[in-house]
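Close look at the chain arrangement
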Amino acid sequence: REDYMAVDELFDVGVQTQRAILNLRKGIPPPEAGLKEERHNGNGSLMRVLPLAHWHQGTDEELVQDAFDQSAVTHGHLRSKLCCALYCLWARQILRNEKNAWDYAVSTLDGIFPAKSPERNELEQNIKPDDLYEVQGSGYVLDSLFSAKWACGRENFEETVKAAISLGNDTDTTACIAGGIAGLIHGFEAIPRRWRENLRGREIYEPLLEKLLTLF
């Protein structure tokens, strides 16, 4: 409503997130505020979840549950929750220097939920993390995740982000999701200096970043 923390007086919010915020303003509890129908599987909760994997010190099961909970506030469908969980497990294995981080994350997620559970059915029937996926860079949560995975096959940070953008459609979010993983793989110094020095909103994000880093 007030463009709080907007950069250059420009503020935007996805329709699904906007509706969830309205639910919160009506007094609906945060875990119930997110929209839950199948058509409500945008990428908003996926694009913001990476810090959770950074600071989380619990078990894989606890990380998955917390990824579910952070998604539920705006994106309550099981597919969105599972994509957030898979992304967090993927990030965690990269931080642990696991060479096959994606495969390990998929295996871990499979092992957490029993056969024929709603979560396993969603994984096997709709997400299909082991299958080839024709990426489009769209705002659909599943496409966003697989588009980011596709982009992360590049050799460095800059090529990863440019590959994500090259898909078109929801370019900023795809690049955000892919760039988060690329940052874990290649490190801070791999981000081109010209990009870092030209970021707007430094006075907003630097104090938050410093606060986050104290958690490590």
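Check the entry above for the structure.
Notes on the structure follow. (Residues numbered from 1 in each chain as written. Predicted model: local features only at pLDDT ≥ 70, side-chain atom pairs only at ≥ 80, totals over all residues. Heavy atoms only, no water.)

Here we look at the nonpolar core
Formally: Note on terminology: a nonpolar core comprises buried Ala, Val, Leu, Ile, Met, Phe, Trp, Tyr and Cys residues joined through side-chain atoms within 4.5 Å. Relative accessibility under 20% of the residue-type maximum defines a buried residue, over 50% an exposed one, and the middle range a partly exposed one, all with a 1.4 Å probe and only protein chains included. Contacts: residue pairs with any heavy atoms within 4.5 Å of one another.
Formed by 47 residues in total, the largest nonpolar core has its most connected members in Tyr87, Trp90, Leu109, Leu145 and Ile181. Residue contacts for Ile181: discarding those within four places in its chain leaves Tyr87, Trp90, Ala91, Ile94 and Cys152.

Notes on helix H11 (residues 171-186)
Counted only if it meets this: The helix count covers DSSP runs of H or I at least four residues long, the strand count covers runs of E at least two residues long, and both are numbered beginning at the N terminus. The length a helix should cover is 1.5 Å for every residue beyond the first.
Between the first and last C-alpha of H11 there are 21 Å, a value that for 16 residues agrees with the 22 Å anticipated at 1.5 Å per step. Within H11, burial applies to Thr173, Thr174, Ala175, Ile177, Ala178, Gly179, Gly180, Ile181, Ala182 and Leu184. Structurally, H11 contributes buried residues whose contacts are with helix H3 (44-48), helix H4 (50-55), helix H6 (78-95), helix H9 (141-151) and helix H10 (157-166). Of the residues one or two after H11, Gly187 is the one with positive phi, at around 90 degrees.

Focus: the packing of H6 against H9
To keep things clear, this is the line we draw: Axes, fitted as lines to C-alpha atoms, cover a helix only where it is in contact. Angles between the N-to-C directions of the axes lie from 0 to 180 degrees. Comment on the angle field: the value is read as roughly parallel under 35 degrees, roughly antiparallel over 145, roughly perpendicular from 65 to 115, and oblique elsewhere. Crossing handedness is read from the near helix: turned anticlockwise from the far helix by less than a right angle, it gives a left-handed crossing, and turned clockwise, a right-handed one. The nonpolar class holds Ala, Val, Leu, Ile, Met, Phe, Trp, Tyr, Cys and Pro. Asp, Glu, Lys and Arg form the charged class, and all remaining residues, Gly among them, are polar.
Direction vectors running N to C along H6 and H9 enclose 20 degrees, while the axes themselves pass 9 Å from each other. Here H9 runs roughly parallel to H6, going by the angle between their axes. Crossing of H6 against H9: the hand is left-handed. Across the interface between the two elements, Arg79, Ser80, Cys83, Leu86, Tyr87 and Trp90 from H6 touch Val141, Leu142, Leu145, Ala148 and Lys149 from H9. Here the contact of H6 with H9 is composed, by residue class, of eight nonpolar, one polar and two charged.

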